[in-house]
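Each chain, written out:
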Amino acid sequence: MLDLSKYQSIGATLKDALDHFAGELCLFEADREREKERLTYREFKERALPVAKALQDAGFSAGDRASIIMTNQSKWLISAYAIFFAGGVLVPLDYKLTPDEHWQLLKHSSATVLITEYPIWRQLSVSVRRSAANVQTVLVTEAPPNSGLSSAQRWEEFRGAGEPAFVARTRKDTACIVYSSGTGGRPKGCMMTHENYLEQCVALTSIYPFWPGVRYLSILPTNHAIDFMVGFFGPFTCGAAVVHLRTLRPEYVREAFPKYKITYVSLVPLVLKNLQKGLQARFDALPTGKRRIFNTLVAINKAVTKNHARLGISRVLLKQVHEAFGGELRTIIVGGAFTEPQTLQFFYDLGIPVANGYGLTEAGTAITVNDLKPFRADTVGKPLPGMEVRILNPDGDGIGEVAIRGKTVMAGYLNDPELTAETIVDGWLMTGDLGKFDGHGHLQLSGRKKNMIVTEEGKNIYPEDIESVFEGLPVKEFCIFAANYIWPKQTMTGEELVLVIHLETGQPLSDDLRREINTRNQRLLNYKRIHGIVLLEEDFPRTASLKIRRNVLAEQLGKLDRSSAVLPL
Amino acid sequence: MRTLEQTVQEVLDLAVKHFQLPPGSLAPEDDFFKKLGIDSLQTLEMLSRLENHFGIELPDYEVQGVSDFKTLAKRIQSRL
């Protein structure tokens, strides 16, 4: 691994990495059974520098912002490097957002360059919100021949001749603007510095190292803080390789493990649980005799790995299971949301450690991680090196709000000093999550203080962001809440949103109204949808400027019995 | 060449078979996430089955944001 303490920026680090590991493989890209790319670090550099030169020729300079809206693929990373090389700030956006949401964030971030894929551009180019943003250069990958690109250019033809000039940045400069939420209301653009990434990379790789030969399967979207770190920057600083799949159907993901001899993969809890379900079904289908032998082998594995993981032994004992994962898998990294302990334990018992942890985009990816010494399914691990974690105002059980401080904490929210001041207080990042430390220094999470939910797919949903879909609903007033915010529960799973309605005097909750609510709800992506209705027969408390006082309203609603108050849709 | 109505019907028949439901229990406008209580991964599994049946490749981005059978059938129809 490169000595990251010597570097000032992501661009400078990657620049050296591409030369240092020139002959090593760095990228694979497969589309179903077809391998589309296999690049060495040298070839990666040869692809990226002409893009950097063309950006510079187009007037892109230090501090300018360029957005990437793409699925995981080689051109994502090549483009990102070109942006960093030219001294730019990367704005990675979730490709699953709607075109209107994309333009809203492009406008908010002041991005002047957009790099995207043809199917996404097809939708973006017809959005009415397009004119609001200040994007000057649009690069579109893989556009079919003769396709009308409007004012956009083909990424493949965007090549500058000659050497681009490397633009140096300092550790305190913004490297990326990462949106943790806010597509419907108040955009939360986390300004992440070069230092944030450099420090996080050192901390994470000290526990989960990469080296040449390691292959990381990149499934989580690369705009996500986890994949950006462990599916791009981390492996590249160590000469490891990243594998991209253009199709995330379970059968192709399964095939990728043995085909590419995957070493690490990051998953969200939903996918991990699905994997568990599939494996369990296969174990249950074993004939009685074989199942008995298998259960015995699992029991032996559990005994020998009690204190720490022993991959060599596990791979021999449970050979077939490990071979299905390619035989080289060392750890599954799980993140984005809370994972149930029994799922973690299931994999550990098979000799496949799952590195569960806890993190926030605002904190620069991970805050705590399980170091497997020993494995603990009931906690989210210990703070990473360099990370200070405090429990504020603990109650009698030691539970309080988790606050963190360290060099990986963001500089603040873009264009929102007020929200920044609420979130970072005296240098401490207020997470809004509740937890406590056990006697061994492991953090245990036990709920949320904030009005939001995190789905098993790792999506943060803030009620304010989806309220616009219900604007104009024929009721007196409405508001959306995380049910657990109204009725606090000591859990981080199974979180749901509810629509609170105050009907007009004498107005019934008619079938027509229910239909209207359902129709609007279906306009939301499935993970953003509300799951119930709560009726309130009094005016919502409001501020002088008529904003809903959500905390007061939540307190009022909290007096109702949850099971009878939440009506099905 | 199939008509859109035929494609819709074949999609519904296959979904019924895939999720082992009583015949005729799904309608074109049904939201499959809600009606079947499935997640995005299970949807991807269903898509693979549909691809095999229709002999097409349906890229993941084509089904991004699609949640009812009729729209799904339209996307399939455009690739037949």
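Quantities reported herein were computed from a predicted structural model and do not represent experimental measurements. (Residues numbered from 1 in each chain as written. Chains lettered and ligands numbered in written order. Predicted model: local features only at pLDDT ≥ 70, side-chain atom pairs only at ≥ 80, totals over all residues.)

A. Molecular detail of the overall build of chain B. Scanning chain B from terminus to terminus reveals 4 helices and 0 strands. Start at the N end of chain B and walk to the C end: the helices and strands fall as α-α-α-α. Radius of gyration (C-alpha) of chain B: 11 Å, near the 12 Å computed for a compact globule of 80 residues. With the C-alpha coordinates of chain B rotated into their principal frame, the extents come out at 30 × 25 × 20 Å. Considering chain B as a whole, with its 80 residues, one finds that 19% of them fall into the buried category. For chain B, long-range pairs separated by at least 24 residues make up 61% of all intrachain contacts whose partners lie at least 6 apart in sequence. (Helix = DSSP H or I, 4+ residues; strand = E, 2+ residues; numbered from the N terminus. Rg over C-alpha atoms; globule rule 2.2 N^0.38 Å. Buried ≥ 20, exposed ≤ 12 C-beta atoms within 10 Å, placed from the backbone. Contact = placed C-beta atoms within 7 Å.)

B. Here's a closer look at the overall build of chain A. Tallying secondary structure elements over chain A gives 19 helices and 28 strands in all. Taken over the C-alpha atoms alone, chain A extends approximately 75 × 65 × 50 Å along its principal axes. Classification of the 569 residues of chain A by burial places 49% in the buried group. Across chain A, the fraction of contacts at a sequence separation of at least 24, relative to all contacts at a separation of at least 6, is 68%.

C. Up close: the environment of A:Asp378. Residues and elements named next belong to chain A. Tracing the backbone through its elements, the reader meets Asp378 in the loop between strand S15 (365–369) and strand S16 (382–383). On the basis of neighbour count, Asp378 is assigned to the exposed category, with 10 C-beta atoms found within 10 Å. When neighbours within four sequence positions are excluded, Asp378 is seen to be in contact with Pro341 and Gln444.

D. Structural view of the sheet that holds strand S2 (residues 34–40) of chain A. All names here are of chain A. Pairing is mixed in the open sheet, where 9 strands are placed in the order S2-S1-S11-S10-S12-S13-S14-S15-S16. With partners counted over all chains shown, the strands left at the sheet margins are S2 and S16, one partner each. The pairing of strand S10 (residues 215–218) with strand S12 (residues 264–267) spans 2 bridges and is parallel. Across the sheet, residue Leu217 finds its bridge partner in S12, namely Val265. Set on the sheet, helix H2 (residues 41–57) makes contact with strand S1 (25–31) and S2; between it and S2 the angle comes to about 95°. (Pairing = 2+ DSSP bridges. Axes fitted to C-alpha atoms, helices over the stretch in contact; angles between N-to-C directions.)

E. Representation of the interface of chain B and chain A. At the junction of the two partners, chain B supplies 14 residues and chain A supplies 15 residues. A total of 6 residues in the side of chain B that touches chain A trace back to one element, the largest contributor, which is helix H3 (residues 40–54) of chain B. Here the side of chain B that touches chain A is composed, by residue class, of 5 nonpolar, 5 polar and 4 charged. (Nonpolar A, V, L, I, M, F, W, Y, C, P; charged D, E, K, R; others polar.)

F. Structural detail: the nonpolar core. All names here are of chain A. Counting 145 residues, the largest nonpolar core has Ala82 and Leu90 as its most contacted members. Counting contributing residues per domain, this core is built from domain 1 (7–24 + 36–199 + 224–237) and domain 2 (268–448), each supplying no fewer than three. Setting aside residues up to four positions removed in sequence, Ala82 forms contacts with Ala48, Val51, Ala52 and Leu55. Tyr462, Phe470, Val498 and Val534 belong to the second-largest nonpolar core, a separate cluster that totals 26 residues. (Core = buried A, V, L, I, M, F, W, Y, C linked by C-beta atoms within 7 Å. Domains from an automatic or database assignment.)

G. Examining the confidence of the model for chain B more closely. For chain B, the mean per-residue pLDDT works out to 86, and 100% of the residues sit at or above 70. By mean pLDDT, helix H2 (residues 32–36) of chain B is the weakest element of chain B at 79, and helix H1 (residues 4–18) of chain B is the strongest at 92. (pLDDT = per-residue confidence, 0-100.)

H. Expanded view of the packing of H1(B) against H3(B). Residue and element names in this part refer to chain B. Contact pair H1 / H3: the axes reach a minimum separation of 10 Å and the direction vectors enclose 130°. In terms of their interaxial angle, H1 and H3 are classed as oblique. Note on packing geometry: the crossing formed by H1 with H3 is right-handed. Contacts between H1 and H3 involve Glu10, Val11, Leu14, Ala15 and His18 from the first element and Met46, Arg49, Leu50 and His53 from the second. Grouping the amino acids of the contact of H1 with H3 by side-chain chemistry returns 5 nonpolar, 2 polar and 2 charged. (Parallel < 35°, antiparallel > 145°, perpendicular 65-115°, else oblique. Left-handed = near helix turned anticlockwise from the far one by under 90°.)

I. Representation of the packing of helix H1 (residues 10–20) of chain A against helix H7 (residues 225–238) of chain A in the model. Residues and elements named next belong to chain A. Contact pair H1 / H7: the axes reach a minimum separation of 8 Å and the direction vectors enclose 45°. As judged from the angle between their axes, H1 and H7 are oblique. As H1 runs across H7, the sense of the crossing is left-handed. Where H1 approaches H7, its residues Ile10, Thr13, Leu14 and Ala17 are matched on the opposing element by Phe233, Phe236 and Thr237. For the contact of H1 with H7, the class distribution of residues is 5 nonpolar, 2 polar and no charged.

J. Geometry of the pairing of strand S18 (residues 400–405) of chain A. Residue and element names in this part refer to chain A. Where strand S17 (residues 388–392) lies against S18, 5 bridges are found, and the strand directions are antiparallel. Paired with Val389 across the bridge in S18 is Ile404. Bridging between S18 and strand S21 (residues 428–437) involves 4 bridges; their strand directions are antiparallel. Bridging across to S21, Gly400 finds its partner in Gly435.

K. Seen up close, helix H6 (residues 194–207) of chain A. Residue and element names in this part refer to chain A. With 14 residues, H6 extends 21 Å from end C-alpha to end C-alpha; this agrees with the ideal 20 Å at 1.5 Å per step. Burial of H6 is extensive: 12 of the 14 residues sit out of reach of the surface. His194, Glu195, Asn196, Tyr197, Leu198, Glu199, Gln200, Cys201, Val202, Ala203, Leu204 and Thr205 are the residues of H6 that are buried. Next to the buried residues of H6 lie H1, strand S8 (174–181), strand S9 (188–193), H7 and S15. (Expected span 1.5 Å × (residues − 1).)

L. The sheet that holds strand S26 (residues 497–502) of chain A, seen in detail. All names here are of chain A. Pairing is mixed in the open sheet, where 4 strands are placed in the order S25-S26-S27-S28. In the strand order of this sheet, the two ends are held by strand S25 (477–482) and strand S28 (566–567), each with one partner. Here 4 bridges tie S26 to strand S27 (residues 532–535), and the two strands are oriented parallel to one another. Bridge pairing in S27 places Val498 opposite Gly532.

M. Region of the structure containing helix H10 (residues 288–304) of chain A. With 17 residues, H10(A) should reach 24 Å at 1.5 Å per residue; the first-to-last C-alpha distance of 25 Å fits that figure. Counting buried positions along H10(A) gives 1 out of 17 residues, so the element sits mostly on the surface.

N. Local environment of unusual backbone geometry. Here the bond from A:Lys373 into A:Pro374 is cis, since omega is 0°, no more than 30 degrees from zero. In this fold, A:Pro374 is placed in the loop between S15 and S16. Of note in this structure, A:Arg32 is not a glycine but carries a positive phi near 55°. The residue A:Arg32 is located in the loop between S1 and S2 in this model. C-beta crowding within 10 Å serves as the criterion here: with 16 such atoms nearby, A:Arg32 is assigned to the partly exposed category. Of note in the backbone geometry, B:Gln20 takes a positive phi value of approximately 50° without being a glycine. Turning to its location among the elements, B:Gln20 is positioned in the loop between H1 and H2. Of the residues examined, B:Gln20 has 6 C-beta atoms within 10 Å and is grouped as exposed.

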